[in-house]
Amino acid sequence: MPVKWVLYWQPNQGSTVSTQILNEAAQCVESINGVKEGRWKAALNYYKPMLRDQSTHPDLPRDFLGISLADQPTKYYFLIRSQRLVVEADASIQLIMEKLQSYKSKVSIYFDGFQYLLGDFRLRVGRVVPVHSETIRGIVMEVEYLPISSMEKARKVMEEFVEIWHEALSKTSLSGKFVNIELNFGEFGLADTYTPQHTGVQYAIVMAHMIATVQPAARG
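Bear in mind that the values here come from a model prediction, so they are computed numbers and not experimental data.

The strand order β5-β4-β3-β2-β6-β7-β8-β1-β9 describes an open sheet built from nine strands, whose pairing is antiparallel. At either margin of the open sheet sits one strand with a lone partner, and together these are β5 (85–90) and β9 (176–180). The average angle at which neighbouring strand axes cross in this sheet is 25°, direction not considered. Strand direction decides the pairing type here: strand β2 (residues 35–49) and strand β3 (residues 64–68), joined by five bridges, are antiparallel. Its bridge partner lying in β3, A43 is registered against S68.

Now the structure itself:
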């Protein structure tokens, strides 16, 4: 599987996120000869156990994340942050969980936007929005380098591409930058060869950073 980096938009101090950022970022991709391939969508759910007393089941996770990815429609990924564990399941597990009522989704967030092909790279740029809301919580960008599945071998070319991307963005009126978070995937039992589980971990960490640092606009 090709290596991906998941970056998030960090506004400058005093700025907020809005659809203007998404629109200008999309125009920027097209200005460097990115070819639009269509829409893309991913989703993240924050689950908590349906228990009256957590202390009677101390072995159960207090919470975990569930993630669906655009390029893995038949799969669903669980990330238990407290145990540094990421697990792949069949997408039907969501229906099973609803019927069992052992865990309930407390927060649901979706990512949606456009997908572009740019040489050996595929870019996905999209907004981050809570379900049943139009308030943008952030902007994310996936950078996928199609020829290589080794994270270490792809690192230099990914860094160079992000530099070129930032240079192109600097010519716009946007106030902020896309940030890549350095992660130790070994903590989650993941090796150098890239897998969808790597993507799931990145989305979980990116969401935590965005919630902590990004001030949303009142409306998208």
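Picking up after the structure, the text goes on.
The relation between two aromatic rings is expressed through the spacing of the ring centres and the mutual angle of the planes. Across all of its chains, the model carries nine aromatic pairs by this definition. A centroid spacing of 5.2 Å and a plane angle of 80° characterise the contact between Y76 and F78, whose relative ring orientation is edge-to-face. Residue classification places F78 among the buried positions, given a relative accessible area of 13%. Taken together through their ring pairs, the aromatic side chains of Y47, F64, Y76 and F78 make up a single cluster. A cation over a ring is seen here: R39 above F114, with NZ or CZ 4.6 Å from the ring centre.

Most often, soluble globular proteins have nonpolar side chains that are buried together. Grouped together as the largest cluster of nonpolar side chains are 61 residues, with contacts concentrated most on F111, W165 and F178. At eight residues, the largest contribution of residues to this core is made by helix α3 (residues 151–169). Residues within four places of F111 in sequence aside, it is in contact with W40, K41, A42, A43, L44, R127, V128, V140, Y203 and M207. Counting residues in hydrophobic clusters, the runner-up holds eight residues, among them Y47, F64, F78 and Y103.

Parameters and conventions
Residues numbered from 1 in each chain as written. Predicted model: local features only at pLDDT ≥ 70, side-chain atom pairs only at ≥ 80, totals over all residues. Heavy atoms only, no water. Pairing = 2+ DSSP bridges. Helix = DSSP H or I, 4+ residues; strand = E, 2+ residues; numbered from the N terminus. Axes fitted to C-alpha atoms, helices over the stretch in contact; angles between N-to-C directions. Phe/Tyr/Trp six-rings, centres within 6.5 Å; stacked < 30°, edge-to-face > 60°. Buried < 20%, exposed > 50% of the residue type's maximum accessible area, 1.4 Å probe, protein only. Lys NZ or Arg CZ within 6 Å of the ring centre and 35° of its normal. Core = buried A, V, L, I, M, F, W, Y, C linked by side-chain atoms within 4.5 Å. Contact = heavy atoms within 4.5 Å.

Limitation: the analysis is restricted to geometry and does not speak to function.
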